[in-house]
Amino acid sequence: MPTDNRANGIDVSWWQQAIDWGQVRAADVVFAMARASVGLFADSTFSVNWQTMKAEKILRGAYHYFLFSVNSIQQAQLFASTVTLEVGDLPPILDVEVNWNDQDRSEYDLLLSLPVAERAKRVKDCLDEIERLTGKKPMIYTSSGFWHDHMNDSLGQPPVWSSQYDLWLAAWSDSITLPRGWTQWRIWQYTST
């Protein structure tokens with residue numbers, strides 16, 4: 001857990017349901033990331049969260065949970081139509097991971113069936129389209145383990161474009177290992193709670 005002057009933030013989605021944003025603000029949370037969409041579905045809590053974060057003067061960011069099984073361009077289009085970024089908002093974020101539960105087993109199986117170059121192409125296509133539609137360069141959310149196991153080629157090399165994007169790193173421990181391709185992180189999610 002960071003102990004210096006870094007700002008505290010939270011990550012929210014449908015899973016948290018109704019959030020008392022006044023209580024969040026009172027807890028010295030400076031920023032929040034709200035899931036706007038996943039695949040081709042908008043997060044049902046996003047609109048309320050997005051508006052209330054602004055009303056409570058919490059720095060806000062929006063992310064899209066990427067699915068390898070769904071058209072990359074359509075995912076980017078849904079995200080861009082769901083989120084209206086304003087001056088002062090954090091850049092858009094593409095969440096690149098796969099949950100390892102039974103519900104997402106088919107997504108994980110599909111991911112494993114794709115060549116690494118195709119995985120990288122799908123992610124890059126989505127990033128490019130988000131940037132084109134929003135006018136803002138997105139960040140990538142991922143973990144070192146996921147990136148290493150599923151995005152690096154057989155020689156352990158990441159996609160050449162990786163380092164062009166700021167990183168929101170999921171590393172739930174007291175220390176971090178950066179995914180190959182990055183030399184620094186912009187946001188460190190150090191706990192899942």
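A brief structural summary.

As for the overall build of the protein
- From N to C terminus, the protein includes 6 helices and 8 strands.
- Starting at the N terminus and walking to the C terminus, you meet the elements of the protein as β-α-β-β-α-β-α-β-α-α-β-α-β-β.
- Expected size for 193 residues packed as a compact globule is a radius of gyration near 16 Å; at 16 Å, the protein falls within 12% of this value.
- With the principal axes as the frame, the protein shows a C-alpha extent of 50 × 35 × 35 Å.
- Relative to its full complement of 193 residues, the protein shows a buried share of 45%.
- Counted over contacts in the protein with a minimum sequence separation of 6, partners at least 24 positions apart contribute 65%.
- Here the protein has roughly 10,200 Å² of accessible surface; of this, 51% comes from carbon and sulfur atoms.
- Distance between charge centroids for the protein: 6 Å, based on 16 positive and 23 negative side chains.

With respect to the pairing of strand S1 (residues 9-12)
- Pairing between S1 and strand S2 (residues 31-38): 4 bridges, direction parallel. Each bridged residue has a counterpart across the sheet, and for Gly9 the counterpart in S2 is Phe31.
- Handedness of the crossover joining S1 and S2 through helix H1 (residues 21-26): right-handed.

Looking at the environment of His150
- By the element assignment, His150 lies in helix H6 (residues 144-150).
- With 88 residues separating them along the chain, His150 and Ala62 place their C-alpha atoms 24 Å apart.

A closer look at the environment of Pro92
- With respect to the helices and strands, Pro92 occurs in the loop between helix H3 (72-82) and strand S5 (93-95).
- Its relative accessible area of 0% is what places Pro92 among the buried residues.
- Separated by 47 residues in sequence, Pro92 and Met139 place their C-alpha atoms 6.3 Å apart.
- Residue contacts for Pro92: discarding those within four places in its chain leaves Ala62, Phe79, Leu85, Ile130, Thr134, Lys136, Lys137, Pro138 and Met139.

Some thoughts on the environment of Asn99
- Here Asn99 shows up in the loop between S5 and helix H4 (105-113).
- For the pair formed by Asn99 and Val70, sequence separation is 29 residues and the distance between their alpha carbons is 16 Å.
- Contact partners of Asn99, with chain neighbours within four places excluded, come to Tyr65 and Asp104.

Thoughts on the pattern of salt bridges
- Evaluated as defined, the whole model comprises 11 salt bridges.
- Residue Arg35 pairs with Asp43 through a salt bridge whose shortest N-O separation is 2.8 Å.
- Arg35 gets classed as buried once you look at its relative accessible area, which sits at 13%.
- Three or more residues are tied together by salt bridges with common partners; here these are Lys54, Arg60, Glu86 and Asp89.

Considering the pairing of strand S6 (residues 139-143)
- Taking burial as the measure, the 5 residues of S6 include 4 buried ones, the bulk of the element.
- Relative to S6, S5 is paired through 3 bridges, and the arrangement is parallel. Counted as the bridge partner of Asp95 is Tyr141 from S6.
- As paired elements, S6 and strand S7 (residues 167-170) share 4 bridges and run parallel to each other. Within S7, the position partnered with Ile140 by the bridge is Leu167.
- Once you follow S6 into H6 and on to S7, the crossover reads as right-handed.

Observations concerning the nonpolar core
- Phe68, Val83, Leu94, Val96, Val123, Ile140 and Trp161 are the most contacted members of the largest nonpolar core, which has 40 residues in total.
- Looking at this core, the elements that each hand over two or more residues are H1, S2, helix H2 (46-55), H3, H4, helix H5 (116-134), H6 and S7.
- The contacts of Val83, once residues within four sequence positions are left out, are Ala36, Phe46, Trp50 and Ala62.
- Membership of the second largest hydrophobic core comes to 10 residues, among which are Met33, Tyr63, Leu90 and Met139.

Basis of the calculations
Residues numbered from 1 in each chain as written. Predicted model: local features only at pLDDT ≥ 70, side-chain atom pairs only at ≥ 80, totals over all residues. Heavy atoms only, no water. Helix = DSSP H or I, 4+ residues; strand = E, 2+ residues; numbered from the N terminus. Rg over C-alpha atoms; globule rule 2.2 N^0.38 Å. Buried < 20%, exposed > 50% of the residue type's maximum accessible area, 1.4 Å probe, protein only. Contact = heavy atoms within 4.5 Å. Areas by Shrake-Rupley, 256 points an atom, 1.4 Å probe, with all protein chains shown as cover. Lys, Arg positive; Asp, Glu negative; His and termini not counted. Charge placed at Lys NZ, Arg CZ, Asp CG, Glu CD. Pairing = 2+ DSSP bridges. Right-handed = clockwise from strand over helix to strand, strands pointing away. Salt bridge = Lys/Arg side-chain N within 4 Å of Asp/Glu carboxyl O. Core = buried A, V, L, I, M, F, W, Y, C linked by side-chain atoms within 4.5 Å.

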